[in-house]
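Fold and geometry: a report
These are the residues of each chain, in order.
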Amino acid sequence: MATIKDVARLAGVGLGTASRVVSGKGSVSPATLERVRKAIDELGFRPSHAARALLSGTSRMVGVYIPVLSGTFYTPILQIIDTELRAAGLHMVVAFGVGLGDARNQAIEGIEFLIERGCDGLIMMTSALLDEDIAALGGKRRLIVALNHDFKDIPEQCFTVDHAQGGRLAAQTLLEHGHRDIAVIAGPSALVDNVARIDGFMHELKANGVDTDKVWLVESDFSPQGGWHAAKALVESKTPCTALFCANDEMAVGALSYFQEAGISVPRDLSVIGYDDTPSAQFSAPRLTSVHMPWREMTQNGINALLNRCYDLKRPVARSFPVDVTMRASLARVGAKAKSAKSGKSKGKSKSE
């Protein structure tokens with residue numbers, strides 16, 4: 001393979017001049033620029049990633065930390081990040097929670113791993129870190145963007161959605177369809193975004209006269225298996241209810257699977273609404289009504305903000321990401337036939353598919 005030294009030799013210029021042409025930094029006369037470019041073409045020279053890093057002073061790599069590498073939630077987000085970075089000539093390096101420590105220590109280790117690999121900036125999705133952990137990063141915290149979480153130390157670098165509003169919309173949607181006997185499968189109580197959506201849901205029910213002390217609620221782990229076992233517990237409890245709110249789509253899909261096995265027809269016997277509106281919601285049986293989180297918009301703007309910081313770009317950055325409800329077949333009015341679940345909108349805040 002041709003090297004930058006070969007290019008310089010063929011063009012009859014110094015190594016520094018050839019490097020300036022390749023990196024695009026520094027002044028070079030038009031005649032010299034033409035000679036170097038001709039040499040590059042003749043030799044078929046393509047600078048390696050390491051060479052580009054040396055020439056530009058950056059690694060052209062962006063690190064991404066996620067808690068787990070599984071399920072249907074993080075995969076679409078990673079695809080968005082990878083697509084955006086590749087379009088910008090950058091590379092994605094992913095770290096996720098591993099090891100024997102708790103979620104916080106795993107996140108700290110994962111972020112240290114990415115920093116040690118020379119990533120120019122970091123995108124992280126974790127609620128396990130504390131504000132003191134961000135402060136401990138020192139100057140490196142300037143080159144971090146947090147998705148789906150707020151940190152007091154870097155408020156302008158955080159991109160999230162209003163999960164309390166998401167919970168309220170889920171409750172409003174059920175109430176508008178006549179449901180008042182409602183069960184809930186919540187996510188882990190240690191996760192701030194889960195707490196916000198459950199609090200918003202319960203507050204909306206209470207504001208509409210529902211006795212939330214009588215709402216059947218169980219905490220699960222955001223997994224399909226967790227949703228399956230929670231749905232089983234709901235049925236075995238013999239709690240009378242006409243609707244179930246699941247704090248994420250993966251648990252909702254697990255619950256739908258259990259109901260199908262138990263001979264419970266959704267939505268004829270029980271309506272189900274999920275949260276996140278991940279791809280799994282579109283292809284469950286029945287297709288899942290879900291609170292739509294604008295993950296794509298949030299992620300793209302977080303990336304724009306990070307690239308502006310890391311590479312002195314001027315990409316537009318938005319910070320408001322409205323939440324709505326995507327109506328599908330898993331939700332019907334109390335006493336209505338299943339086909340009625342496909343119609344209507346909720347006070348202009350829902351959309352049908």
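Note that the structure is a prediction, hence the values are computed from the model and not measured.

1. Describing the confidence of the model for the chain
- With 92% of its residues at a pLDDT of at least 70, the chain reaches an overall mean of 89.
- Scored below 50 in pLDDT, residues 337-348 shows 19 contacts in the model against residues more than four places distant or in partner chains.

2. Quick notes on the pairing of strand β7 (residues 216-219)
- Looking at chain direction, strand β6 (residues 182-186) and β7 are connected through 4 bridges and run parallel. From the neighbouring strand, A183 faces β7, where its bridge partner is W216.
- Handedness of the crossover joining β6 and β7 through helix α9 (residues 192-207): right-handed.

3. Some thoughts on a nonpolar patch on the surface
- On the surface, a nonpolar cluster with roughly 270 Å² of combined accessible area is contributed by L69, F96 and V98.
- By the element assignment, L69 lies in the loop between β1 (61-66) and α5 (74-87).

4. What to know about the layout of surface pockets
- Each pocket or cavity is described by its volume, and for the largest pocket that value is around 680 Å³.
- Those elements giving two or more residues to the lining of the largest pocket turn out to be α6 (103-116), α9 and α11 (249-262).
- Of the residues assigned to the lining of the largest pocket, the class counts are 13 nonpolar, 11 polar and 6 charged.
- What the second largest pocket holds in volume is close to 320 Å³.

5. Notes on the packing of aromatic side chains
- Here the structure, examined in full by the defined rule, presents 6 aromatic pairs.
- For the pair F73 and Y74, a centre-to-centre distance of 4.9 Å together with 80 degrees between the ring planes defines the contact as edge-to-face. Like F73, the residue Y74 is buried in the burial classification.
- Centroid distance F245 to Y275: 6.4 Å. Interplanar angle 65 degrees. Geometry classified as edge-to-face. Of this pair, F245 sits in strand β8 (residues 243-246) while Y275 sits in strand β9 (residues 271-276), and the two are 30 residues apart along the sequence. As far as burial versus exposure is concerned, F245 and Y275 are alike and both buried.
- One aromatic cluster is present, formed by F73, Y74 and W295 through successive ring pairs.
- Over the aromatic face of Y311 sits the side chain of R60, whose NZ or CZ is 5.1 Å from the ring centroid.

6. Considerations on α11
- The first and last C-alpha atoms of α11 sit 20 Å apart over 14 residues, in line with the 20 Å expected at 1.5 Å per residue.
- Of the positions making up α11, those classed as buried are D249, E250, M251, A252, G254, A255, L256, Y258 and F259.
- Check the buried side of α11 and you find it contacts β6, α10 (224-237), β8, β9, α12 (279-283) and β10 (289-292).
- Looking one or two residues past α11, G263 carries a phi angle of roughly 80 degrees, positive in sign.

7. Considerations on the side chain of S330
- Structurally, S330 is set in the loop between β11 (324-327) and β12 (350-352).
- A polar atom in the side chain of S330 sits 2.6 Å from the backbone oxygen of V272.
- Each residue touching S330, except ones within four places of it in the same chain, is listed here: V266, P267, L270, S271, V272, P286, R287, L288 and T289.

8. Some points on the sheet that holds strand β2 (residues 91-96)
- Ordered in space as β2-β1-β3-β4-β5, the 5 strands form an open sheet in which the pairing is parallel. Of all the strands in the sheet, just β2 and β5 (158-159) have a single pairing partner and so form its edges.
- Pairing analysis gives 2 bridges linking strand β4 (residues 144-147) to β5, with the strands arranged parallel. Opposite A146, over in β5, you have C158 as the bridge partner.
- The sheet contacts of α5 involve β1, β2 and β3 (121-124), and relative to β2 the element is tilted by about 155 degrees.
- On the sheet, α6 packs against β1, β2 and β3 and is oriented at approximately 170 degrees with respect to β1.

9. Some remarks on the nonpolar core
- Core analysis: the biggest nonpolar cluster contains 71 residues, and F201, L205, L244, F245, F259 and V272 have the highest contact counts within it.
- For this core, the element with the most residues is helix α13 (residues 295-311), which contributes 8 residues.
- Non-local contacts of L205, meaning those with residues more than four positions away in its chain, are made with A171, L175, I182, V210, T212 and V215.
- Core analysis: the second largest hydrophobic core is formed by 17 residues, A95, C119, L137 and I144 among them.

10. Quick look at the pattern of salt bridges
- This structure, assessed with the given rule, holds 13 salt bridges.
- Its salt-bridge partner being D6, residue R9 comes within 3.0 Å of it at the nearest N-O pair. Taken together, the residues R9 and D6, both in helix α1 (residues 4-11) and 3 residues apart, mark about one turn of the helix.
- Looking at R9, the relative accessible area reads 60%, which means it is exposed.
- Of the charged contacts in the structure, one is a salt bridge between D162 and R168, with a shortest N-O distance of 4.0 Å.

11. Examining the pairing of β4
- Alternating residues of β4 divide into I144 and A146 and V145 and L147, and every residue in both groups is buried.
- Both β3 and β4 contribute to a ladder of 3 bridges, which runs parallel. Its bridge partner lying in β4, I123 is registered against V145.

Scoring rules and cut-offs
- Residues numbered from 1 in each chain as written.
- Predicted model: local features only at pLDDT ≥ 70, side-chain atom pairs only at ≥ 80, totals over all residues.
- Heavy atoms only, no water.
- pLDDT = per-residue confidence, 0-100.
- Contact = heavy atoms within 4.5 Å.
- Pairing = 2+ DSSP bridges.
- Helix = DSSP H or I, 4+ residues; strand = E, 2+ residues; numbered from the N terminus.
- Right-handed = clockwise from strand over helix to strand, strands pointing away.
- Patch = residues over 30% accessible without salt bridge, like charges linked within 9 Å, V, L, I, M, F, W, Y side chains within 5 Å.
- Areas by Shrake-Rupley, 256 points an atom, 1.4 Å probe, with all protein chains shown as cover.
- Salt bridge = Lys/Arg side-chain N within 4 Å of Asp/Glu carboxyl O.
- 1 Å grid on protein atoms, 1.4 Å probe; cavity = no way out; pocket = protein on both sides within 12 Å on 5 of 7 lines; lining within 4 Å.
- Points joined across faces, edges and corners; volume = space filled by probe spheres on them.
- Nonpolar A, V, L, I, M, F, W, Y, C, P; charged D, E, K, R; others polar.
- Phe/Tyr/Trp six-rings, centres within 6.5 Å; stacked < 30°, edge-to-face > 60°.
- Buried < 20%, exposed > 50% of the residue type's maximum accessible area, 1.4 Å probe, protein only.
- Lys NZ or Arg CZ within 6 Å of the ring centre and 35° of its normal.
- Expected span 1.5 Å × (residues − 1).
- Polar contact = N/O pair within 3.5 Å; in protein donor to acceptor, adjacent residues only side chain to side chain.
- Axes fitted to C-alpha atoms, helices over the stretch in contact; angles between N-to-C directions.
- Core = buried A, V, L, I, M, F, W, Y, C linked by side-chain atoms within 4.5 Å.

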